[in-house]
Each structure stands twice: as structure tokens, then as C-alpha cells.
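# Examination of the molecular architecture
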Amino acid sequence: MILTISKVAHLRLLLEADAGELHALVEKNRAYLAPWLAWATTQTFEDTLEFIHRSEGQVAANEGFHCAVVCEGRIAGVISYMEVNWRHRRTVLGYWLDAAHQGRGLMTGAVRLMVDHAITVWKLNRVEIRAAVENRKSRAVPERLGFDQEGVLRQAELVNGHYLDSVVYAMLDVDWNKRSI
């Protein structure tokens with residue numbers, strides 16, 4: 001499966017063969033990602049490989065998937081359906097992007113594709129995104145796409161020994177189909 005973001009960027013499922021390139025990108029962005037993502041501080045190559053294997057299992061179980069965000073032939077980040085609840089027709093998106101690739105609309109395009117896939121292909125009713133209150137770059141993506149901010153979960157994540165509050169954003173099927181974005 002390949003979803004096209006632009007002439008130079010697309011999404012594709014993560015593969016075991018991506019482990020080296022993906023881990024090198026984590027290493028390069030470790031300090032940038034660590035304030036927001038608990039795994040970033042200690043992620044090893046073996047952890048990266050295990051993440052990809054779990055991702056393959058998630059696909060096989062029809063519980064979501066993780067995509068490489070590919071720009072100009074290189075992995076620039078990851079976007080994921082962290083979980084899919086088929087009974088309640090909802091999913092949660094998570095993402096991160098190499099600092100050097102930010103500011104080009106790459107992640108906004110990736111999120112747009114994933115939301116569209118969830119709502120139009122999977123026929124889900126709700127897509128959520130959660131981001132740390134202080135993570136303005138991550139929060140800007142759902143805000144640009146017209147997600148509703150529904151609230152703040154206090155001390156929702158433990159990252160590097162500190163609890164972070166998370167903002168919850170949601171897009172509903174009815175709102176996605178009415179948008180003019």
C-alpha cells in the first residue's frame with residue numbers, strides 16, 4: 001500500500017528492511033523527540049526492529065498499521081494508527097517527523113491521508129490525535145486540518161520522569177465530509 005502525499009513524498013507500510021534507516025533517524029532526532037515521546041530516550045536498534053515486527057502483527061490482526069513517511073526516497077518519519085476500535089468505529093493517530101523535514105506540510109499531508117483512509121475506506125466515525133500541551137508543532141497539525149480540540153487529559157503521559165498533559169483532538173466522519181480543506 002502506498003499513499004501519495006506529493007510528487008516527492010508518500011506513505012508506505014514499515015518493513016523489517018527499514019530497521020537500520022529508521023533507527024538512524026531516531027538517533028539523529030533523539031534529543032528533539034525525547035521531551036515528547038517516552039521511547040525516544042532509550043530506543044535501541046533492537047527496539048526499532050521489535051516495533052516493526054509488532055507493526056507487522058498489527059496489520060495481520062487488522063488492528064491498524066504504521067507507515068514510513070518517505071520524502072525524496074528516504075524515511076523522514078512515522079505515522080500510525082496506534083489502535084483501531086472496530087466496535088466503536090474509532091482510531092488514534094500518532095506521528096513524528098525528522099526535524100529537518102518540518103515546515104513543508106509533509107506531516108499535515110500525511111495526517112490528511114490517514115484520516116481520509118480511516119473515514120472513507122474503513123468507514124470509521126472518529127479519528128483522535130493526542131499531543132502534549134507544550135508540543136506546539138505537533139498540535140498545529142490537527143488544528144490546521146480542522147480537528148476539534150475536545151479537552152486536556154491532565155498528567156496523561158510519563159515522559160522522562162515528568163508527567164505531560166495531553167490535548168485531545170478529534171475529527172468525526174460528518175465533519176470530515178463537510179470540510180473544505
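## Focus: the confidence of the model for the protein chain
Of the residues in the protein chain, 98% have a pLDDT of 70 or more, and the chain-wide mean is 95. Element-level pLDDT for the protein chain is lowest in strand β1 (residues 2-6), with a mean of 90, against a maximum mean of 98 in strand β6 (residues 126-132).

## Re the pairing of strand β4 (residues 74-85)
Note: strand β3 (residues 66-71) against β4, 6 bridges, orientation antiparallel. Within the sheet, the bridge partner assigned to V69 lies in β4 and is G77. Judged from the 8 bridges that link them, β4 and strand β5 (residues 90-97) form a sheet pairing that is antiparallel. Paired with V78 across the two strands is W96, which belongs to β5.

## Considering the packing of aromatic side chains
For any pair of aromatic rings, the description consists of the separation of the ring centres together with the inter-plane angle of the planes. This structure, assessed with the given rule, holds 5 aromatic pairs. Aromatic side chains F65 and Y81 sit 4.8 Å apart centroid to centroid with 90 degrees between the ring planes, which places their arrangement in the edge-to-face category. With F65 in the loop between α2 (45-60) and β3 and Y81 in strand β4, this residue pair connects regions lying 16 residues apart in the sequence. Taken individually, F65 and Y81 each receive the classification buried, so the pair is uniform in this respect. With 4.6 Å between their ring centres and 40 degrees between their planes, Y81 and W122 make a pair best called tilted. Placement of the pair is Y81 in strand β4 and W122 in the loop between α3 (106-121) and β6, with a sequence separation of 41 residues. Taken individually, Y81 and W122 each receive the classification buried, so the pair is uniform in this respect. Grouping aromatic residues by their ring pairs yields a cluster made of F65, Y81, W86 and W122.

## Notes on helix α1 (residues 19-33)
Between its first and last C-alpha atoms α1 spans 18 Å; for 15 residues at 1.5 Å apiece the expected length is 21 Å, and the helix comes up short by more than 12%. Turning to α1, its buried residues are A19, L22, H23, L25, V26, N29, R30 and L33. Looking at the buried positions of α1, the neighbouring elements they touch are α2, β4 and β5.

Analysis parameters
- Residues numbered from 1 in each chain as written.
- Predicted model: local features only at pLDDT ≥ 70, side-chain atom pairs only at ≥ 80, totals over all residues.
- Heavy atoms only, no water.
- pLDDT = per-residue confidence, 0-100.
- Helix = DSSP H or I, 4+ residues; strand = E, 2+ residues; numbered from the N terminus.
- Pairing = 2+ DSSP bridges.
- Phe/Tyr/Trp six-rings, centres within 6.5 Å; stacked < 30°, edge-to-face > 60°.
- Buried < 20%, exposed > 50% of the residue type's maximum accessible area, 1.4 Å probe, protein only.
- Expected span 1.5 Å × (residues − 1).
- Contact = heavy atoms within 4.5 Å.

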